[in-house]
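Residue-level listing of the chains:
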Amino acid sequence: MVMENTKNDVHKAAQQGFEKEAQAYARGRPDYPAALSAWLAQALGLGPGREVADVGAGTGKFTALLATTGATVVGVEPVDAMRAKIDALQLPTVRAMAGTAQAIPLSAATLDAVVCAQAFHWFATRDALDEFHRVLRPGGKLGLVWNVRDESVDWVAELTSIITPYEGDAPRFYKGDWRKPFPHPGFSPLVETRLTHEHVGPPQQVIVDRFMSISFIAALPDAERAAVRAQIEALIERHPALRGQDTVRFPYTTLACHCERL
């Protein structure tokens, strides 16, 4: 996950929040549904002999999944604390590089795919798509992936209501601004796939760590962050679906979009 609001400027909420909470991010973010592996192979054509960049790679959760395809993977991430987590994975087919979506440190037409997981809403601009077009080979694929909270569940919606007042100008997936750069003359129309997913684990991990690692929450002053944490922990204590549970099942829909470089 990574982000910038101009060509050379990482958004303040991302830079500060992800530097402060890289560890919580690594603990609390969900993985991806097993069915996504087939999507990577079929929709994006990933496999041995292919080269793919994970742009906005964060701590490497999606980077590691890309590596399981057998492809050679570059994790592009501007936040030092996040990029260090990718290096710590020590995966032989993965290398991490400092860079942004609008300045990828690779030569033109060198990649078979570019993928952004939990990230594209941070840098959804024509400039970013132009840069993806530059580094992709003709016929290369662009993949955009998000784990989207299922807010039809009441306690999930309540968690969102706790954090939303603090979002400021931070880009958010739910606002839909990530769609604005499309259609793009260098890419085919987006094709969308939706998969049901759950993040299963202790509430401290899948709720508290997850929400405290959100960029604009992690970037808050300590007193405000503590107040947010207290509201989240109070919800866990009082809601009948969460109270006293050692394990919770956090519901998501995984949205996977892809298109082809023309």
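One can find the structure itself at the top, above this paragraph.
Residues numbered from 1 in each chain as written. Predicted model: local features only at pLDDT ≥ 70, side-chain atom pairs only at ≥ 80, totals over all residues. Heavy atoms only, no water.

Caption draft 1: Looking closely at the packing of helix α7 (residues 154–163) against helix α10 (residues 222–238). Running from N to C, α7 and α10 cross one another at 165 degrees; their axes reach a closest spacing of 10 Å. On the basis of their axis angle, the class for α7 and α10 is roughly antiparallel. When you trace α7 past α10, the crossing you get is right-handed. Residue-level inspection shows W155, E158, L159 and I162 of α7 in contact with α10, the latter providing V228, Q231, I232, L235 and R238. (Axes fitted to C-alpha atoms, helices over the stretch in contact; angles between N-to-C directions. Helix = DSSP H or I, 4+ residues; strand = E, 2+ residues; numbered from the N terminus. Parallel < 35°, antiparallel > 145°, perpendicular 65-115°, else oblique. Left-handed = near helix turned anticlockwise from the far one by under 90°. Contact = heavy atoms within 4.5 Å.)

Caption draft 2: Seen up close, the nonpolar core. Counting residues in hydrophobic clusters, the biggest one holds 53 residues, and the most contacted among them are V55, F120, F123, F132, I207 and I232. Broken down by element, the residue count for this core peaks at six residues, all from strand β7 (residues 248–260). Among all residues touching I232, those that are not within four sequence positions of it are L159, I162, I207, V208, F211 and M212. (Core = buried A, V, L, I, M, F, W, Y, C linked by side-chain atoms within 4.5 Å. Buried < 20%, exposed > 50% of the residue type's maximum accessible area, 1.4 Å probe, protein only.)

Caption draft 3: Local environment of the sheet that holds β7. Ordered by their spatial adjacency, seven strands build an open sheet running β3-β2-β1-β4-β5-β7-β6, and the pairing between neighbours is mixed. Two strands lie at the open edges of the sheet, namely β3 (94–97) and β6 (191–201), each paired on one side alone. Averaged over neighbouring strand pairs, the angle between their axes works out to 20 degrees when direction is ignored. Strand direction decides the pairing type here: strand β5 (residues 136–149) and β7, joined by nine bridges, are antiparallel. When the bridges of β7 are listed, V145 appears paired with A256. The strands touched by helix α6 (residues 126–135) within the sheet are β1 (51–55), β4 (111–117) and β5, with β5 carrying the most contacts at an inclination of about 135 degrees. (Pairing = 2+ DSSP bridges.)

Caption draft 4: Representation of the packing of aromatic side chains in the model. The full count for this structure, using the stated rule, is eleven aromatic pairs. On the numbers, 6.5 Å between centres and 45 degrees between planes, the contact of F120 with F132 is tilted. Of this pair, F120 sits in the loop between β4 and α6 while F132 sits in helix α6, and the two are twelve residues apart along the sequence. Overall, the relative accessible area of 0% leaves F132 in the buried class. Ring centres of F120 and F182 lie 6.0 Å apart, and the angle between their planes is 45 degrees; on these two criteria the pair is classed as tilted. You can see F120 sitting in the loop between β4 and α6 and its partner F182 sitting in the loop between α7 and β6, a full 62 residues away along the chain. Members of the aromatic cluster, connected to one another through ring pairs, are F120, F123, F132 and F182. Between the NZ or CZ atom of R210 and the centre of the ring of F211, over which it lies, the distance is 5.9 Å. (Phe/Tyr/Trp six-rings, centres within 6.5 Å; stacked < 30°, edge-to-face > 60°. Lys NZ or Arg CZ within 6 Å of the ring centre and 35° of its normal.)

Caption draft 5: Expanded view of the layout of surface pockets. In this structure, the largest pocket occupies an estimated 370 Å³ of space. Taken together, 20 residues make up the lining of the largest pocket; nearest its centre are H121, R149, R172, F173 and R210. Every element with two or more residues in the lining of the largest pocket is listed here: β5 and α9 (215–218). Of all the elements, β5 adds the most residues to the lining of the largest pocket, at four residues. Considered class by class, the residues forming the lining of the largest pocket number ten nonpolar, five polar and five charged. (1 Å grid on protein atoms, 1.4 Å probe; cavity = no way out; pocket = protein on both sides within 12 Å on 5 of 7 lines; lining within 4 Å. Points joined across faces, edges and corners; volume = space filled by probe spheres on them. Nonpolar A, V, L, I, M, F, W, Y, C, P; charged D, E, K, R; others polar.)

Caption draft 6: Region of interest: the pairing of β1. Of all five residues in β1, four are buried; the element is thus mostly enclosed. Bridge count between β1 and strand β2 (residues 72–76): five bridges; the pairing is parallel. Residue pairing in the sheet places D54 in a bridge with G75 of β2. With helix α4 (residues 61–67) bridging β1 and the parallel β2, this β-α-β connection has right-handed handedness. Sheet analysis places β1 next to β4, joined by three bridges and oriented parallel. (Right-handed = clockwise from strand over helix to strand, strands pointing away.)

Caption draft 7: Just the pattern of salt bridges, in detail. The final tally for this structure, using the stated rule, is 17 salt bridges. When salt bridges that share partners are traced, they join R50, E51, D112 and R137 into one network. (Salt bridge = Lys/Arg side-chain N within 4 Å of Asp/Glu carboxyl O.)

Caption draft 8: Examining the environment of H184 more closely. Examined against the element boundaries, H184 turns out to sit in the loop between α7 and β6. For H184, a relative accessible area of 7% corresponds to the buried category. C-alpha of H184 to C-alpha of L129: the two residues are 55 residues apart in sequence and 7.7 Å apart in space. Every residue in contact with H184, bar those within four places of it in the chain, is listed here: R126, L129 and D130. Among the polar contacts made by the side chain of H184, one reaches the side chain of D130 at a distance of 2.7 Å. (Polar contact = N/O pair within 3.5 Å; in protein donor to acceptor, adjacent residues only side chain to side chain.)

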